[in-house]
Amino acid sequence: MASAATMALDYEALKRLDHTYLWHPFTQMQEWTGEDPLIIEKGDGHYLIDVQGRKYLDGASSLWCNVHGHRKKELDDALKEQIGKIAHSTFLGLSHLPGIELAEKLIEIAPRGLRRVFYSDNGATAVEIALKMAFQYWQLKGEKSRTRFASLVEAYHGDTIGAMSVGYSETFHRFHLPLLFPVLRLNPPHVYRYFRRMKENDALASAIQEAEEAITREKHSLAALIMEPLMQGAAGMWSQPLGYVKTLSEICRKNGILFILDEVATGFGRTGKMFACEHEGVAPDILCLAKGITGGYLPLAATLATEEIFSAFLGEYGEFKSFFHGHTYTGNPLGCAVALASLDLFKTEKILDRMQPRIAYLKRRLEEDFSPLPHVGDIRQWGFMVGIELVEDKATLKPYPPENRIGHRVILEARKRGIIIRPLGNVVVLMPPLTISEEELKGLLDVTCESIKVVTER
Ligand SMILES: Cc1ncc(COP(=O)(O)O)c(C=O)c1O
């Protein structure tokens, strides 16, 4: 049998190899092997091109991480320049140029008070590090009973054991339940499902009251609260009304527990500001970053902490207060070099300013064209993060049964029309690259609307 490399672009051969050897993430492989896989060969701006030469708009930003499009010259150049120097050197016991420079730049743009950068290589590790840091912080401070975490119902923080524990999702994690540590779970102010279309302010007041009571009751056992600010992405784009993040941060402060924000999905411009917490004027004690940090090019993550947390770990070597955590590819220089170039583009190309009219356009189109559709139950948007929830019955909010695969069917229709998007169950997700043009955005919305109509009216 010839190898994939020698088969070049022979679609059928590649498909056979994929179906024979691969196990894809978050994928029912029985279904996958019954379908024709889309095999990507290259990218070009906001488009993905498959091995058969078909072009698709990347409406999911390659799993929510692409910022400036594919094959962005400045990012390609930064990568080439760094590779001309060194691809990888460890951060354990050694340092390197792009890692140092990037740390300074991250602290420059980070919410106030964050002073230290601890690198890793994906969102889940950024979260594990945050949890371990918070936990050890209290041990080092002598408050040894602070061993638990609070988090939001249906939060998603990644797929490692600690991240799964604080982010438990019934669908994703039920088989691993016995492995997960117990967590204090707070109901977020998810208006559409949790509070049955209560007014936003009433849902907010209710969720805050519940959080305040639970946190106050358990304050002596809690190390930290961790949350995704403004939008719980993987839950199905559950948005939070303004005021929730700020009030939770104040409740944490009042009760002396650490406040961790997971901005793996919301960070780097996704909500229209560099970090989602800026919408609320809030600064966490620990911030988790990944995905968009390299513009969507390379696996790099960072956990940022305050000097107060950092200084608790200082001492003589023999006191063994060090943070004994690290990964082989911690702070990979290629990732850091590209991240630096990406941050530069945010400035030189005024990415955040240029997004604003497109965010407004997106909002208008969602209201005018999607809201009236008979099976669109709810639309949730923060910047370029959008969830369109499809329901069988709009009046009663009755969901489509999971076996109906409604979201999956919509994205297959969209694919036929040259758009790549991904669903989360019955929620169709739109997550375009931040530099998408208005014309491309129009195409994304036209096709998504058409695909929803075709599938739900069938
Ligand atoms: C909020 C949030 N945290 C953490 C993660 C995990 O990131 P990764 O897939 O890079 O491990 C994700 C991934 O979608 C996420 O949305």
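1. Describing helix α10 (residues 200–218)
A turn of α-helix holds 3.6 residues, and therefore any two residues three or four places apart point the same way.
Alright, step 1. Spanning 19 residues, α10 covers 27 Å between terminal C-alpha atoms, matching the ideal 27 Å at 1.5 Å per step.
Alright, step 2. Considering only its buried residues, α10 is in contact with β5 (148–152), β6 (184–186), β7 (222–227) and α11 (244–254).

2. Quick look at the domain arrangement of the chain
Alright, step 1. For the chain, the assigned domains read domain 1 (38–68 + 351–456) and domain 2 (76–348).
Alright, step 2. Just the C-alpha atoms count here: the centres of domain 1 and domain 2 sit 26 Å apart.
Alright, step 3. The interface is formed by 36 residues belonging to domain 1 together with 32 residues belonging to domain 2.
Alright, step 4. Interface area, domain 1 with domain 2, both sides summed: about 2,800 Å², of which 62% is carbon and sulfur.
Alright, step 5. In terms of surface lost to domain 2, no three residues of domain 1 exceed Trp382, Met385 and Leu397, which account for 29% of the buried area on that side.
Alright, step 6. Here domain 1 is connected to domain 2 by zero salt bridges.
Alright, step 7. Counting across the domain 1 and domain 2 interface gives 14 residue pairs in polar contact (both at pLDDT 80 or more).

3. A short note on the sheet that holds β7
Alright, step 1. Pairing is mixed in the open sheet, where seven strands are placed in the order β4-β12-β11-β10-β7-β5-β6. The sheet is open, and its two edges are formed by β4 (114–120) and β6, each paired on a single side. Across the sheet, the axes of successive neighbouring strands diverge by a mean angle of 20°, strand direction being ignored.
Alright, step 2. Where helix α6 (residues 97–109) meets the sheet, it contacts β4 and β12 (301–306), and its direction lies at approximately 135° from that of β4.

4. So, the pattern of salt bridges
Alright, step 1. Taken as a whole and judged by the stated rule, the model has 26 salt bridges.
Alright, step 2. In this structure, Glu349 and Lys72 form a salt bridge, with 3.1 Å as the shortest nitrogen-oxygen distance. Here Glu349, found in the loop between α13 (333–348) and α14 (351–370), pairs with Lys72, found in the loop between α4 (61–64) and α5 (73–83); they are 277 residues apart in sequence, far enough to count as distant.
Alright, step 3. Glu413 is the salt-bridge partner of Arg458, the closest N and O atoms lying 2.8 Å from each other. With Arg458 in the segment after α16 (438–456) and Glu413 in helix α15 (residues 406–416), the pair connects residues that are 45 residues apart, well separated along the chain.
Alright, step 4. Since its relative accessible area comes to 63%, Arg458 is described here as exposed.

What counts and what doesn't
- Residues numbered from 1 in each chain as written.
- Predicted model: local features only at pLDDT ≥ 70, side-chain atom pairs only at ≥ 80, totals over all residues.
- Heavy atoms only, no water.
- Helix = DSSP H or I, 4+ residues; strand = E, 2+ residues; numbered from the N terminus.
- Expected span 1.5 Å × (residues − 1).
- Contact = heavy atoms within 4.5 Å.
- Domains from an automatic or database assignment.
- Buried area = accessible area lost by both parts, 1.4 Å probe.
- Salt bridge = Lys/Arg side-chain N within 4 Å of Asp/Glu carboxyl O.
- Polar contact = N/O pair within 3.5 Å; in protein donor to acceptor, adjacent residues only side chain to side chain.
- Pairing = 2+ DSSP bridges.
- Axes fitted to C-alpha atoms, helices over the stretch in contact; angles between N-to-C directions.
- Buried < 20%, exposed > 50% of the residue type's maximum accessible area, 1.4 Å probe, protein only.

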